[in-house]
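# Residue-level structural notes
So the chains spell out like this:
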Amino acid sequence: MAPRLPLSIKLTRRAVARRDLFCELVQKAVRPCQADAAFAFHAFAFKADEDGFARELMDRRTELWLFRSNQRAYCGDFLAVDMSSPWPARRRSYVIELKRGMPVRIGGGAVGLQLRNAASAVHGLAQQGDVLGAEAAYITMSGDGARIVAMFARARPRA
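A few points on the structure.

Definitions and limits used
- Residues numbered from 1 in each chain as written.
- Predicted model: local features only at pLDDT ≥ 70, side-chain atom pairs only at ≥ 80, totals over all residues.
- Heavy atoms only, no water.
- Buried < 20%, exposed > 50% of the residue type's maximum accessible area, 1.4 Å probe, protein only.
- Helix = DSSP H or I, 4+ residues; strand = E, 2+ residues; numbered from the N terminus.
- Arc of directions from axis to C-beta.
- Contact = heavy atoms within 4.5 Å.
- Core = buried A, V, L, I, M, F, W, Y, C linked by side-chain atoms within 4.5 Å.
- Axes fitted to C-alpha atoms, helices over the stretch in contact; angles between N-to-C directions.
- Parallel < 35°, antiparallel > 145°, perpendicular 65-115°, else oblique.
- Nonpolar A, V, L, I, M, F, W, Y, C, P; charged D, E, K, R; others polar.

Let us look at helix α5 (residues 118–127). Along α5, the positions that sit buried rather than exposed are A118, A121, V122, L125 and A126. Taken down its axis, α5 places every buried residue within 145 degrees of arc, on the same side. On its buried face, α5 sits against β1 (8–10), β2 (64–69), β3 (78–82) and β4 (93–98). Backbone geometry just downstream of α5 places G129 in the positive-phi region, at approximately 85 degrees.

Laid out in structure tokens, this is it:
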């Protein structure tokens, strides 16, 4: 039986920059027993250019908190929360699914099953109480990581 893992974990710039710190971050966030550590790591591990996307977005938009989604939970690749507002109820959140070389699509219907549990992941963050408000809304985004970073660099994406 697979261990129960969270839908997302909060990333730090240091953990994204160093694989050993990323492993440590996953272990602290999920606290798996030793036998489940590899399963947990693979559920949150970066593939292809995802770590570069995370680094670039966090460097360009320091007001964003970036969360790595559990890759086995169908809730996108990342969740981003704009922490500009001191009030959780007023913060914007984004569920991001990376698709190399694809144009950016905002809103539903872009990637099928990969975003099926996006609402659950956002509501999981809202239940923490200090990140998002209880009625947290979100915007889904899919497409090429570099294009998504460029879109965030210009302005906040809107649905």
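This is not the end of the story, as more comes after the structure.
Next up on the list: the nonpolar core. Among the nonpolar cores identified, the biggest contains 33 residues, and L11, F78 and I96 are the most heavily contacted of them. Considering each element in turn, this core owes the most residues, five residues, to helix α2 (residues 19–30).

Before going further, it helps to spend a moment on helix α6 (residues 145–154). Where α6 is concerned, the buried positions are G145, I148, V149, M151 and F152. Each buried residue of α6 sits inside an arc of 160 degrees when the element is viewed along its axis, so together they form one side. Residues of α6 that are exposed and point over 90 degrees away from its buried face: A146 and R154. As for α6, its buried residues are in contact with α4 (50–60), β2, β4, β5 (105–106) and β6 (139–143).

The next point concerns the packing of α4 against α6. α6 packs onto α4 with a crossing angle of 5 degrees between their chain directions and a minimal axis gap of 10 Å. As summarised for this structure, α4 and α6 are arranged roughly parallel, according to the angle between their axes. Contact residues: α4 offers F53, E56, L57 and R60, while α6 offers G145, I148, V149, F152 and A153. Of the residues in the contact of α4 with α6, the class split is six nonpolar, one polar and two charged.

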